[in-house]
Amino acid sequence: MTTLYYSSPYITEFYQRVSAEAQKLTQNYEIIFVNDGSPDDSLEVALALYKQDKQVKIIDLSRNFGHHKAIMTGLSYAKGELVFLIDSDLEEEPEFLSLFYEKYQEKANIDVVYGVQRKRKGNFFERITGWFYFKLFNLLSTHPIPTNLITARLMSQRYVKALVSHQEREINFSGLAAITGFNQIPMVIVKHFKGKSTYNFNKKISIVVNGITSFSNKPLKIVFYLGFFISFLSSLAAISLVVRKILFNSILAGWSSLIVSVWLLGGLTIFCLGLIGLYIAKVFSETKQRPYTIVRNIYEYPNFNSNEPVQQ
């Protein structure tokens with residue numbers, strides 16, 4: 001299963017390579033493309049493959065909802081006993097399927113084989129922001145995720161069913177994958193770098209904020225202790241001023257220090273209110289119970305033994 005967003009140049013090669021890998025393992029498989037409102041001709045390219053191969057299924061979303069939400073939607077339609085999730089841009093090689101399957105077969109009672117990068121790919125900015133994301137997320141989250149985790153993974157059907165049972169509207173896939181549990185083992189791989197990512201700086205910041213506020217209440221606890229600490233220091237300072245006035249008839253001079261204190265406390269107040277606002281916004285989003293994606297069309301054959309396509 002894979003998602004499509006500005007994926008047109010890669011789809012055909014991806015399909016050929018992943019089909020060849022799947023056929024090494026079984027003849028009873030399906031290839032699911034989830035079109036996440038891609039502005040290019042990704043859907044048209046995928047439809048051309050669908051008309052040629054009855055094992056291709058296309059989930060066409062009504063607009064762009066985001067990578068993680070598209071993944072969860074696609075997984076909800078996956079029927080296989082094993083589900084292989086991978087990005088379609090060929091940074092993650094389709095041949096990982098065979099490697100992950102061998103790893104999956106090594107131990108009994110394994111539900112997930114997930115990929116981690118031996119060394120994070122990309123330029124300096126991408127590597128440093130990726131390092132910062134994993135460190136910050138794991139510092140604040142109650143369920144840490146593996147460093148340099150990637151999308152590619154092989155999962156059992158029972159794990160997938162448990163994973164898609166989560167009802168969050170604001171989805172962080174790596175966090176959900178971790179808290180779902182089951183027996184998961186890593187597979188160290190090398191991920192290629194194509195030179196440009198659809199994840200710009202704003203999207204990366206959004207993922208960090210969403211991930212932390214979805215899986216941890218530690219920031220709220222930090223705000224509480226920070227407020228207590230500042231109040232304690234302020235009380236000591238106030239007592240000191242009173243004592244100086246009574247015993248020594250002197251007061252602390254200096255308007256600069258006063259202004260700096262006002263700005264510091266004002267900034268901390270605004271920051272804390274903003275943080276609390278993020279959590280309130282999260283509650284607001286969840287209580288509306290809107291679907292996190294909307295499917296426009298499903299292109300699939302009624303079964304693998306039929307050559308008649310159907311469109312739902």
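Under an unreviewed UniProt entry, the name given to the chain is Glycosyltransferase family 2 protein, and the organism recorded is Spirulina subsalsa FACHB-351. As its UniProt record puts it under Subcellular location (unreviewed entry), the chain is described as follows: "Membrane".

(A) Fine view of the overall build of the chain. Of the regular secondary structure elements, the chain holds 10 helices and nine strands. Taken over 312 residues, the chain has a buried fraction of 43%. Here the contacts in the chain between residues at least 6 apart in sequence split such that 78% fall between residues at least 24 apart.

(B) Seen up close, the packing of helix 3 (residues 67-76) against helix 6 (residues 157-164). Close contact between helix 3 and helix 6 brings their axes to 9 Å; oriented N to C, the two are set at 130°. It follows that helix 3 is oblique to helix 6 by the angle criterion. Seen from above, helix 3 lies across helix 6 with left-handed handedness. Between helix 3, through Met72, Leu75 and Ser76, and helix 6, the contact on the second element is made entirely by Val160, Leu163 and Val164.

(C) Main features of the packing of aromatic side chains. Under the counting rule described, the total for this entry stands at seven aromatic pairs. Relative to Tyr6, the ring of Tyr5 lies with its centre 5.0 Å away and its plane at 80°, an arrangement referred to as edge-to-face. Members of the aromatic cluster, each reached through a chain of ring pairs, are Tyr50, Tyr299 and Tyr301.

(D) Structural context of the pairing of strand 2 (residues 31-35). For strand 2, the tally of buried residues reaches five of five residues, placing the bulk of the element in the interior. Of the two faces of strand 2, the one carrying Ile31, Phe33 and Asn35 and the one carrying Ile32 and Val34 are both buried. The pairing of strand 1 (residues 2-4) with strand 2 spans three bridges and is parallel. Within the sheet, the bridge partner assigned to Leu4 lies in strand 2 and is Asn35. Handedness of the crossover is the feature at issue here: the chain leaves strand 1, passes through helix 1 (residues 8-25), returns alongside strand 2, and the resulting connection is right-handed. As paired strands, strand 2 and strand 3 (residues 56-61) are joined by five bridges and run parallel to one another. The residue of strand 3 that forms the bridge with Ile32 is Lys57. Following the backbone out of strand 2, through helix 2 (residues 42-52) and into the adjacent parallel strand 3, one traces a crossover that is right-handed.

Reading the values: the criteria
Residues numbered from 1 in each chain as written. Predicted model: local features only at pLDDT ≥ 70, side-chain atom pairs only at ≥ 80, totals over all residues. Heavy atoms only, no water. UniProt positions renumbered as here; feature names shortened; annotations may be inferred. Helix = DSSP H or I, 4+ residues; strand = E, 2+ residues; numbered from the N terminus. Buried < 20%, exposed > 50% of the residue type's maximum accessible area, 1.4 Å probe, protein only. Contact = heavy atoms within 4.5 Å. Axes fitted to C-alpha atoms, helices over the stretch in contact; angles between N-to-C directions. Parallel < 35°, antiparallel > 145°, perpendicular 65-115°, else oblique. Left-handed = near helix turned anticlockwise from the far one by under 90°. Phe/Tyr/Trp six-rings, centres within 6.5 Å; stacked < 30°, edge-to-face > 60°. Pairing = 2+ DSSP bridges. Right-handed = clockwise from strand over helix to strand, strands pointing away.

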